[in-house]
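Results of the structural survey
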Amino acid sequence: MKPSTLVGILFSVLCVLGAHASDAVPPPAAGPIVVEIDGAKITAADLQQKYPGRLFQARTTYYQAEREALDAFIEEYLLERQAKAENVTVDQLLERHVNNAIPKDPPEDMLRLYYEVVNPQASYDQVRVQLLDHLRKARLAKAKTAYMQSLHSKASVTIALQAPRADLSLKNAAIRGSADAPVVLVEYADYECPYCQQVQPAVDKVLSEYKGKVAFIFKDMPLPMHANAAKAAEATRCAEMQGKFWEYHDLLFAQKQLDPAKLKEYARDLKLDTASFDKCLDTGARSELVNAQYAEAQALGITGTPSFFINGRATYGNLTFEQLRQVIDEELALVPGQSGQRVAAKQE
C-alpha cells in the first residue's frame, strides 16, 4: 500500500477521531447526552461510569488498529523517501540494505545442531527445508527491523495519536521505585501463570535500565484455574505486613513452587516472624485485598495475565523488553526534560 493510500485511510480515521475525541482520553465529568429515558438524561460520563471496563477495552482495541495503520504508514513513508534519495525503487532499496545484509545459510553441522535444539518429531531430512526457511525468515525480519531503526533514528517522528488511559487506583499498592517517577508501570499478574514468570526478566530489565524514571506496581489477579495462585498472592501480602513484600514477590517468581508448605518455608528463608505469617496465611487475613485487586482487574475488562498499564495505557501478554521500552520511551517523550505523563492515579 502506498503512503498516498494510507494518507486517505488516516485522514478518515482522524475525522472519526475528531467526532469522537472523548474516546482518546478519559471522559469529562459530564459530556453529551447519549439517551433520555422518561425525561432522565443519561450522559456519556454516566455510561462510562456504569461500564468502564467494557468501553475501555473497546477504545483500546480501536486504538491498536489505528496504531497499526499509523506504524505501517510511517514505515512506508520512510522507505519511499529513502528510496527516492538513493534513486532506486523500494524493492531495490530493501535488496540493497536488508537482503544483502542477511548472513549466508549456516553449514550443515550448525543446522543439525539447530534441529536438535528445536527437537521436532520428524527426522532431520524431513524438516531440513523448513528449518532453513524458518531461519531465513527470522534473519530477514531481524535485518529489516535493524534497517528501519536506522531510518527512524535519522528522522524526527512525533506521534500525536492519543491512546486511551485507564484511571487506576494506587490504594494499597506495592510500589517499587518512586511514585513520582514520570512513568508508572502497573502489572496485573498471577504467580502461577507461566507467562507472568517468563515476562519477569523483561520487567526487571526495565527497572534496571530506567532507574528513577519508572515506578513498578504489582497487582494481584490470581486466575481460578491455578490452584495455588490465590494463596501465593495472599502470602506476599502477609509478607508485606512485615515489610518484605518485594523480597517475597521475587522469591515466588524465582522458585515457582507455590504449595502452602513452600509458602511457609519461604517465610522462614526471609527470616519473617513465622508465627504471625502462618496465622495470616491460614486465616486468609489478606484475602480481601487480593480479591479487591482481582475485582478491579475484571472491571477493567482484563481476562488474562500478565496485563500491563503504562501510565494507564493497556498492553497485554508476555511482552519483550523491547515492546515495553517502546511504550515507555513514548511516555518519557511527553515529559519536558525527560526525553510521561504520569498515570491518572487515585491515591484515595
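One can find the structure itself at the top, above this paragraph.
So, on to the overall build of the protein. The helix and strand inventory of the protein stands at 13 helices and nine strands. Entry remark: accessible area of the protein is about 19,500 Å², with carbon and sulfur atoms responsible for 54%.

Turning next to helix H11 (residues 274-283). Every buried residue belonging to H11 is among Phe277, Cys280 and Leu281, and all of these are buried. What you see down the axis of H11 is that its buried residues fit within an arc of 95°, all on one side. With respect to the buried face of H11, the exposed residues turned more than 90 degrees away are Ala275, Lys279, Asp282 and Thr283. Looking at the packing, one finds that the buried side of H11 touches helix H8 (229-240), helix H9 (245-255) and helix H10 (260-269). At the N-terminal boundary of H11, the capping side chain belongs to Asp273, with an oxygen 3.3 Å from the backbone nitrogen of Ala275. Backbone geometry just downstream of H11 places Gly284 in the positive-phi region, at approximately 70°.

In space, the five strands of this open sheet follow the order E4-E6-E5-E7-E8, with mixed pairing throughout. Strand pairing shows two members of the sheet lacking a second neighbour, strand E4 (174-176) and strand E8 (313-316), which therefore form its edges. Taking the axes of each pair of neighbouring strands and ignoring which way they run, one obtains an average angle of 25° across the sheet. Two strands pair when backbone bridges link them, and strand E5 (residues 183-189) and strand E7 (residues 307-310) are joined in this way by four bridges, in the antiparallel orientation. When the bridges of E7 are listed, Tyr188 appears paired with Ser307. The sheet contacts of helix H3 (residues 52-85) involve E7 and E8, and relative to E8 the element is tilted by about 80°.

A few words on the pairing of E5. In terms of burial, E5 is largely enclosed, as seven of its seven residues are buried. Residue alternation in E5 divides its side chains into two sets, Val183, Leu185, Glu187 and Ala189 and Val184, Val186 and Tyr188, and both sets are buried. With seven bridges connecting them, E5 and strand E6 (residues 214-220) associate as parallel partners. In the strand pairing of E6, Leu185 is matched with Phe216. Assessed by its sense of winding, the connection that carries the chain from E5 through helix H7 (residues 194-209) to E6 is right-handed.

It is worth spelling out the side chain of Thr305 at this point. One can find Thr305 in the loop between helix H12 (287-299) and E7. A relative accessible area of 11% places Thr305 in the buried class. Here Thr305 is in contact with Tyr188, Ala189, Asp190, Cys193, Tyr195, Cys196, Met221 and Leu223, once residues within four sequence places are set aside.

Before going further, it helps to examine the state of the cysteines. By definition, a disulfide is the covalent link that joins the sulfur atoms of two cysteine residues. Going through the model one piece at a time under the given rule, you end up with one disulfide. With its sulfur 2.1 Å from that of its partner, Cys238 forms a disulfide with Cys280. Measuring the twist about the S-S bond at about -85°, one finds the Cys238-Cys280 disulfide to be left-handed. Of this pair, Cys238 sits in helix H8 while Cys280 sits in helix H11, and the two are 42 residues apart along the sequence. The same class applies to Cys238 and to Cys280, which are both buried. No disulfide involves Cys193; its sulfur sits 3.2 Å from the nearest other cysteine sulfur, which is in Cys196. Owing to a relative accessible area of 2%, Cys193 belongs among the buried residues under this scheme.

Conventions and cut-offs
- Residues numbered from 1 in each chain as written.
- Predicted model: local features only at pLDDT ≥ 70, side-chain atom pairs only at ≥ 80, totals over all residues.
- Heavy atoms only, no water.
- Helix = DSSP H or I, 4+ residues; strand = E, 2+ residues; numbered from the N terminus.
- Areas by Shrake-Rupley, 256 points an atom, 1.4 Å probe, with all protein chains shown as cover.
- Buried < 20%, exposed > 50% of the residue type's maximum accessible area, 1.4 Å probe, protein only.
- Arc of directions from axis to C-beta.
- Contact = heavy atoms within 4.5 Å.
- Polar contact = N/O pair within 3.5 Å; in protein donor to acceptor, adjacent residues only side chain to side chain.
- Pairing = 2+ DSSP bridges.
- Axes fitted to C-alpha atoms, helices over the stretch in contact; angles between N-to-C directions.
- Right-handed = clockwise from strand over helix to strand, strands pointing away.
- Disulfide = S-S within 2.5 Å.

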